[in-house]
Amino acid sequence: MAGTAGTAEGTATATSVASSAPSGGPDGPPPHGLGVSLPAADADAKTQGTYPYAADLWAEGLLWAAVLRSPHPHARILSIDTAEAARMPGVRAVVTHADVPGDGAHGRRVADRPVFASDLVRHHGEPIAAVAADHPDTARLAAAAIAVEYEPLEPVTDPEQAFSAEPLHPDGNLIRHIPLSFGDPEVTGEVVVECLYRIGRQDPAPIGAEAGLAVPRPDGGVEIYTASTDPHADRDLAAACFGLEPERVKVVVTGVPGAMGDREDPGTQLPLGLLALRTGHPVKLAATREESFLSHPHRHPTLLRYRHHADADGKLVKVEAQILLDAGAYADSSSEALAAAVAFACGPYVVPHAFVEGWAVRTNNPPSGHVRGEGAMQVCAAYEGQMDKLAARLGLDPAELRLRNVMATGDLLPTGQTVTCPAPVAELLRSVRDFPLPALPVDDPEEQWLLPGGPDGAGEPGAVRRGVGYGLGMVHMLGAEGTDEVSTATVKVTGSVATVICAAVETGQGFATLARQIVQDVLGLEEVHVAPVDTDQPPSGPGAHSRHTWVSGGAVERAARMVRTQLLQPLAHQFGMSTELLTIADGKITSYDGVLSTTVAEALDGKELWATAQCRPHPTEPLDDTGQGDAFVGMAFCAVRAVVDVDIELGSVRVVEMAVAQDVGRVLNPRQARARIEAGITQGVGAALTENLRTTGGLVRRPDLTGYALPTSLDTPDIRIVKLVEERDVVAPFGAKAISAVPVVTAPAAVAAAVRAATGRPVNRLPIRPQAAVGAGAV
């Protein structure tokens, strides 16, 4: 950490057995600071519908944008004729690849994606052109009037075919290959089980589709108002595509209606900025739900082949795996997702010998990218399926088999990295295993809604089987493989009010609330405001892998402590004592002996104090040619026990209960922590049972919320937060760990395990199809 100083914050049916912080009573103000369930500052505005999202923005002289997208997954563009669209009344501009300075290639990690397709279309829905007009209907009609002549090409939709297919991109079809080698390849176990697993394409499906507003500036630059989760990266990317210096492009973050990676797609802001620069007018775009499904990244569909070796007692000897990620048309974050998948391919288990090959390849399928728990979620479903197969082969209880193999602090990952953070995996598993099971449904017509399918779709009660399954999962925190993780924050105090200036975006994960709590804790001030985010502030990086809790929260704490020192040093000097003997609480400064008692406002005497600080965790390193290296800053773990009821005649599944125990390091906001776990479990249930963006020949089928089935409140099970293990990670600010990603990673595997237990069938595919749950078989 470093700093400078100067003057001048689900719809789940959930029950928690974790404790909750007390609320204020009539005799005093509500408690605040770390460890308290401080409500979000924007909660009232969001529930009342007055919170300003990008789709709500307006500007004088506003024009509306529409984007023409390819109807083909793979085609050669022979010609683009915009003349008819440009002649339409009300149309102010039409832009194509010819209007993009330079080659127009962009990408957060690899610059391999054009703003508009020029010669080739590589996926269904790829942008071809954009229109600005006086009315949104005019813009859409004009976009439809653009005449594009295509030569359809045979799409490559099977990732296994990508190895032998003609290159889909100048960079080739292979994005990354990681051949991990750990231990002796000749070792074998007494018991061997193997299986092929398939994971579908989960969509982030944000509650609000993409939207934005671009406003031209007098200096020839542009301001972009959008729901960005990494505004500085978006600014730099946009500036390069517009042919402008970064200082002439400003990104202002508007309200983010949920984000799990989908907000990283620049396909909204780049056409907007180009149109604003071309017309000299503000231009707004609000994507339809179909456009949203076609444009932003999805979870990588994955093919996994596994072979597990164990001895007669169930101790793991060797794991062999092949992992193939379908990246879609462009690289995006596929390299990072593959690294996580390969590194965590064996799960939170001690495996003395591991040999894993991973590939990420381009296809003509929809784009894949960062979605919560990418890479880790796919392999978790596979290695937990293997643990169930081993347990069945050995005649062991699935929980007992897992307990014989779980890792702990000091064990090695297959990458050779030592797990130095707390890893209470055995404690987590025992907690969910020993938690009382839910009661069986009553065989009564009034209770039919408890059966799979509900009262209108339930079969005979005699066909319902109950199953109990376990899942153990892990994720890494912060960026990996040498990513320079750094964040900057400024804390200002005027009177009895503090302000936090930090470019960490509030995406629903609660950072704005956490920042307020940190300053309250350090400075003893109740009134703390968090400034809106834009690129005039120093960068804080993307909102992923719980990094803002660590690096941005750490920067806020550092800056607040520097302000505290500035505030207390003059008083300590005046009374001849050290600052450690002074405390700040409820806006008052007091000494240990009671001699000094004054308010913060009185001590400031009209001055403003401020400090700016950075937080940078310890460095990591890329995986080498054999998949070895200290690639991760830290890890978090979770155990889930799923209870399901399965109609073995109809194949319908009802998730009855999910019991969760999680390694959280330290609970900073109890209510917020529970909400994030509940939301993660619900998203995991969706991945297990319903969520799959289906394609046929590369074409997305029914890209809407009727074709893509999200779990509703009726699909959400009882979520029992059995235990939150607060063993602090000493290298993390506050000792806190990632919360929201690891339940998403673990829940699908637990649901699949429970369906296996109920039916005796393999269940090697997510989401689970009805035919996979029909009848009974052997795992």
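Residues numbered from 1 in each chain as written. Predicted model: local features only at pLDDT ≥ 70, side-chain atom pairs only at ≥ 80, totals over all residues. Heavy atoms only, no water.

Asks: Report on empty space enclosed by the protein, specifying residues and quantitative values.
Replies: Of the voids in this model, the largest cavity is the one considered here, and its volume is about 170 Å³. What lines the largest cavity is a set of 18 residues, and nearest its centre among them are Thr-549, Leu-668, Gln-672, Arg-676 and Ile-739. Put simply, the parts of the chain that give the lining of the largest cavity at least two residues each are α12 (511–523), α13 (547–575) and α15 (670–689). If you tally residues by element for the lining of the largest cavity, the top one is α15, at 3 residues. Looking at the lining of the largest cavity residue by residue, the classes come out as 8 nonpolar, 7 polar and 3 charged. Of all the secondary-structure elements, those providing two or more residues to the lining of the second largest cavity are β7 (113–114) and α5 (269–279). Of the residues assigned to the lining of the second largest cavity, the class counts are 6 nonpolar, 3 polar and 3 charged. (1 Å grid on protein atoms, 1.4 Å probe; cavity = no way out; pocket = protein on both sides within 12 Å on 5 of 7 lines; lining within 4 Å. Points joined across faces, edges and corners; volume = space filled by probe spheres on them. Helix = DSSP H or I, 4+ residues; strand = E, 2+ residues; numbered from the N terminus. Nonpolar A, V, L, I, M, F, W, Y, C, P; charged D, E, K, R; others polar.)

Asks: Provide a residue-level description of the pairing of strand β15 (residues 249–253), including the pertinent values.
Replies: Along a regular strand, successive side chains alternate from one face of the sheet to the other. Among the 5 residues in β15, 5 count as buried, and that is most of the element. The alternating pattern of β15 places Val-249, Val-251 and Val-253 on one face and Lys-250 and Val-252 on the opposite face, and all of these are buried. With helix α4 (residues 231–242) bridging strand β14 (residues 222–226) and its parallel neighbour β15, the resulting β-α-β unit is right-handed. (Buried < 20%, exposed > 50% of the residue type's maximum accessible area, 1.4 Å probe, protein only. Right-handed = clockwise from strand over helix to strand, strands pointing away.)

Asks: Would you mind going over the packing of α12 against α13 in detail, with residue names and values included?
Replies: For the pair α12 and α13, interaxial distance at closest approach is 9 Å and the crossing angle is 30°. Taken together, α12 and α13 sit at an angle that is classed as roughly parallel. For the pair α12 and α13, the sense of crossing is right-handed. Where α12 approaches α13, its residues Phe-511, Leu-514, Ala-515, Ile-518, Val-519, Val-522 and Leu-523 are matched on the opposing element by His-548, Thr-549, Ser-552, Gly-553, Val-556, Glu-557, Ala-560, Arg-561, Val-563 and Arg-564. Classifying every residue of the contact of α12 with α13 by side-chain character gives 10 nonpolar, 4 polar and 3 charged. (Axes fitted to C-alpha atoms, helices over the stretch in contact; angles between N-to-C directions. Parallel < 35°, antiparallel > 145°, perpendicular 65-115°, else oblique. Left-handed = near helix turned anticlockwise from the far one by under 90°. Contact = heavy atoms within 4.5 Å.)

Asks: Could you give an account of α5, naming the residues involved and the relevant values?
Replies: Among the 11 residues of α5, 9 are classified as buried, and the element is accordingly described as predominantly covered. Taken together, the buried positions of α5 are Gln-269, Leu-270, Pro-271, Leu-272, Gly-273, Leu-274, Leu-275, Ala-276 and Thr-279. At the exit of α5 stands Gly-280, carrying a positive phi of roughly 75°.

Asks: So what's going on with a negative patch on the surface? Residues and values would help.
Replies: Side chains of Glu-621, Asp-624, Asp-625 and Asp-630 sit close together on the surface and give a patch of like negative charge. Here Asp-630 is to be found in the loop between β27 (608–615) and β28 (632–647). Exposure remark for Asp-630: the relative accessible area of 41% places this residue in the partly exposed category. (Patch = residues over 30% accessible without salt bridge, like charges linked within 9 Å, V, L, I, M, F, W, Y side chains within 5 Å. Areas by Shrake-Rupley, 256 points an atom, 1.4 Å probe, with all protein chains shown as cover. Salt bridge = Lys/Arg side-chain N within 4 Å of Asp/Glu carboxyl O. Lys, Arg positive; Asp, Glu negative; His and termini not counted. Charge placed at Lys NZ, Arg CZ, Asp CG, Glu CD.)

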